[in-house]
Amino acid sequence: MNFDQPEYQKHVTTLFAEWRNALETHQFDAAIVTAGNGIPYYDDDQYPNFHANPYFTRWIPSDDVENAIVLVAPEERPQAFFLRPKDYWHHYPPIPNWLDSTFDLDVFENIESLTAELERRLHQYSRTALIGPDAGLPGNVNITEKNPERLVNQLRYRRAFKTPFEIDQIEAATQIAVQGHIAARKMFYEHGSEFDIHMAYLKASGQTEAQLPYQNIIALNEHAGTLHYQSYDQRPPEQHRSFLIDAGGRVNGFNSDITRTYSAKRDDGFSDLISALEQKQQELIDTIKPGIPYPQLHETMQLEISQILNDFGIFKCSAEAAFKTDLSTVFLPHGLGHLLGTQTHDVGGYLLNEKGDTQAPDTKYQSLRFTRTVEQNQVFTIEPGIYFIPMLLDPIRDSKDIDWNRVEDFLPYGGIRIEDNVLVTNKGTKNITRPIFQSFE
Ligand code: GLY
Ligand code: MN
Ligand code: MN
């Protein structure tokens, strides 16, 4: 998918209106948005991979923006300040030409000249907010308030609603991720190691590790029971039983976040369990429409998982009883999903409104990152799981509601997670992930 310039310009127009409203509401004349810059490891001259301030990425969707700054003032064209030093140690990609038609653009050779010009421009405003990190900005730049909470909350709340341009980017990030997923699955069925699968994913998705939205989760067998398993065994296991892959793509600063789980034998009890969960995940997605509180979806899935565990003979008690006593949370200990965009876990999931009122999740669902009501143009994940995690099972080993022999059957498989990204439409949802998988099958 190519970068659609007219769509981008419309996106910036929408964003500009959103920010102008937020600035006026909170009585600021201007905002500067800093991309940020890398902070080296402690006592070191090496840096972790750079991720731009996500508020900046909405303005300038690129990762080649270290030290760049956007200046937004209600009555003016947005301005972008880029740093392109004379530096023969590093490569600086050309400034994208799509910026010209949207921003007043200035390019500087060093941070001193950039900030001197910024300081000069900011003198015309009496109240300026900084949105982003302040590292690298000299103290004399005229900023009234850094990351004022009320203003940031309004911007955070609005970020949940994606423009057509942003949806295009998430779809493009899905296109590359799905190609990685298909190559990874093939490597699993060819009995590769976690490392082999990881490398196959990178190659097929066309991403270096530094470009990934988040560290690939590539888990074989019991490892699938560690929710964010982050090692890559170099040796294949003696037997391939199960494979959980949670891996995404990042395009122009926007992310996809996709999980699939496979059974090595395509007709064993574990593959039936995968199919049962997948069916419930799809059915749940079909029920989503504007107006439904997301925590209600999470609760419904907890009940559905109780039913699956009862159907598979793991729960001896009824699904209702398991749900009521929170037994299902031992098998699904994370939230059903989260907002997705310039961050894998887009912030603002607890914000009820632009004013910044929040809704915490129910105490029994502490890991749920999204408590808002479903609304049109939100993009979020639906990622139920069923896991067999010794650390969570051991404390309830005396429970008579569980058939422990059945648990023993499934422990060697680790667990299942199935994760799709969905866009909310005016009366339902569009599954962003599934049609792209189908287009490559
Ligand atoms: N990849 C992390 C998550 O699914 O939330
Ligand atoms: Mn994920
Ligand atoms: Mn996710």
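Our subject is the structure listed above.
Residues numbered from 1 in each chain as written. Chains lettered and ligands numbered in written order. Predicted model: local features only at pLDDT ≥ 70, side-chain atom pairs only at ≥ 80, totals over all residues. Heavy atoms only, no water.

**A look at the site of ligand 1**
In the neighbourhood of ligand 1, the contacting residues comprise Tyr214, His228, Asp246, Asp257, His338, His345, Glu383 and Glu419. A distance of 3.1 Å separates a nitrogen atom of ligand 1 from a polar side-chain atom of aspartate 257. In this structure, an oxygen atom belonging to ligand 1 sits 3.1 Å away from a side-chain N or O atom of histidine 338. Protein contact buries 94% of the 200 Å² of open area that ligand 1 shows by itself. By residue class, the composition of the shell around ligand 1 is 1 nonpolar, 3 polar and 4 charged. (Near = heavy atom within 4 Å. Polar contact = N/O pair within 3.5 Å; in protein donor to acceptor, adjacent residues only side chain to side chain. Areas by Shrake-Rupley, 256 points an atom, 1.4 Å probe, with all protein chains shown as cover. Nonpolar A, V, L, I, M, F, W, Y, C, P; charged D, E, K, R; others polar.)

**Some thoughts on the packing of helix α1 (residues 5-25) against helix α4 (residues 149-159)**
Packed helix pairs are specified by the crossing angle of their axes together with the interaxial distance, meaning the distance between the axes. Where α1 meets α4, the axes come as close as 9 Å, and the angle between the chain directions of the two elements is 155°. Looking at the two axes, α1 sits roughly antiparallel to α4. The element α1 and its partner α4 pack so that their crossing is right-handed. Residues Glu18, Trp19, Asn21, Ala22, Leu23 and Thr25 of α1 touch α4, and the partners they reach there are Leu151, Gln154, Leu155 and Arg158. (Axes fitted to C-alpha atoms, helices over the stretch in contact; angles between N-to-C directions. Helix = DSSP H or I, 4+ residues; strand = E, 2+ residues; numbered from the N terminus. Parallel < 35°, antiparallel > 145°, perpendicular 65-115°, else oblique. Left-handed = near helix turned anticlockwise from the far one by under 90°. Contact = heavy atoms within 4.5 Å.)

**Side note on the sheet that holds strand β8 (residues 242-247)**
Judged by pairing direction, the sheet is antiparallel, and its 3 strands sit side by side in the order β7-β8-β11 without closing on themselves. Single-partner strands in this sheet number two, and they are β7 (217-220) and β11 (258-263). Put simply, the sheet's adjacent strands are angled 5° from each other on average, direction ignored. Alignment of β8 against β11, held across 6 bridges, turns out to be antiparallel. By the bridge assignment, leucine 244 is partnered in β11 with threonine 261. Sitting on the sheet, helix α7 (residues 269-287) is in contact with β8 and β11, with an inclination near 150° to β11. (Pairing = 2+ DSSP bridges.)

**Re the packing of aromatic side chains**
As enumerated under the stated definition, the model contains 22 aromatic pairs in all. Here the aromatic rings of tyrosine 8 and tryptophan 98 are separated by 5.1 Å at their centres, their planes lie at 70°, and the arrangement is edge-to-face. Residue tyrosine 8 is found in helix α1, and its partner tryptophan 98 is found in the loop between β3 (79-83) and β4 (104-108); the two are separated by 90 residues along the sequence. Since its relative accessible area comes to 0%, tyrosine 8 is described here as buried. Relative to phenylalanine 331, the ring of phenylalanine 315 has its centre 5.4 Å away and its plane inclined at 80°; by these criteria the two rings are edge-to-face. (Phe/Tyr/Trp six-rings, centres within 6.5 Å; stacked < 30°, edge-to-face > 60°. Buried < 20%, exposed > 50% of the residue type's maximum accessible area, 1.4 Å probe, protein only.)

**Quick notes on the coordination of the manganese ion (ligand 2)**
Of the protein atoms, only Asp246 (OD), Asp246 (OD), Asp257 (OD) and Glu419 (OE) coordinate the manganese ion (ligand 2), at distances of 2.0 to 2.4 Å. Bound by 6 donor atoms, the manganese ion (ligand 2) shows angles of 57 to 170° at the metal and therefore irregular coordination geometry. Of note, the manganese ion (ligand 2) draws all its donor residues from one chain, in the sequence arrangement D-x10-D-x161-E. Between the manganese ion (ligand 2) and the manganese ion (ligand 3), both coordinated by aspartate 257, there is a metal-metal distance of 3.3 Å. Placement of the pair is aspartate 246 in strand β8 and glutamate 419 in the loop between β14 (415-417) and β15 (420-424), with a sequence separation of 173 residues. Here aspartate 246 and glutamate 419 have matching classes, each one buried. (Donors = N, O, S within 2.8 Å, 3.2 Å for Na, K, Ca; no water. Tetrahedral: all angles 85-135°; square planar, octahedral: opposite > 155°, others 65-115°.)

**Concerning the coordination of the manganese ion (ligand 3)**
Distances from the manganese ion (ligand 3) to its protein donors, Asp257 (OD), His338 (NE2), Glu383 (OE) and Glu419 (OE), fall at 2.0 to 2.2 Å. One can describe the site at the manganese ion (ligand 3) as irregular: its 6 donor atoms subtend angles covering 52 to 157° at the metal. Residue class for histidine 338 comes out buried when judged on its relative accessible area of 3%. Overall, glutamate 419 belongs to the buried group, its relative accessible area being 0%.

**Some thoughts on the sheet that holds β4**
Strand order in the open sheet made by the 6 strands is β4-β3-β2-β1-β5-β6, with mixed pairing throughout. Looking at which strands have only one partner, the edges of the open sheet turn out to be β4 and β6 (145-146). Looking at chain direction, strand β5 (residues 128-131) and β6 are connected through 2 bridges and run parallel. Across the sheet, residue leucine 130 finds its bridge partner in β6, namely lysine 146. Where helix α3 (residues 111-122) meets the sheet, its contacts fall on β1 (30-34), β2 (69-72), β3, β4 and β5, and the angle it forms with β3 comes to roughly 160°.

**Quick word on unusual backbone geometry**
What is expected of a backbone is that most residues other than glycine have negative phi and most peptide bonds are trans. Residues other than glycine seldom take positive phi values, yet glutamine 27 does so here, at roughly 55°. Topologically, glutamine 27 is positioned in the loop between α1 and β1. Despite not being glycine, asparagine 67 shows a phi value in the positive range, around 70°. Among the secondary structure elements, asparagine 67 is positioned in the loop between α2 (54-59) and β2. The class for asparagine 67 is buried, based on a relative accessible area of 19%.

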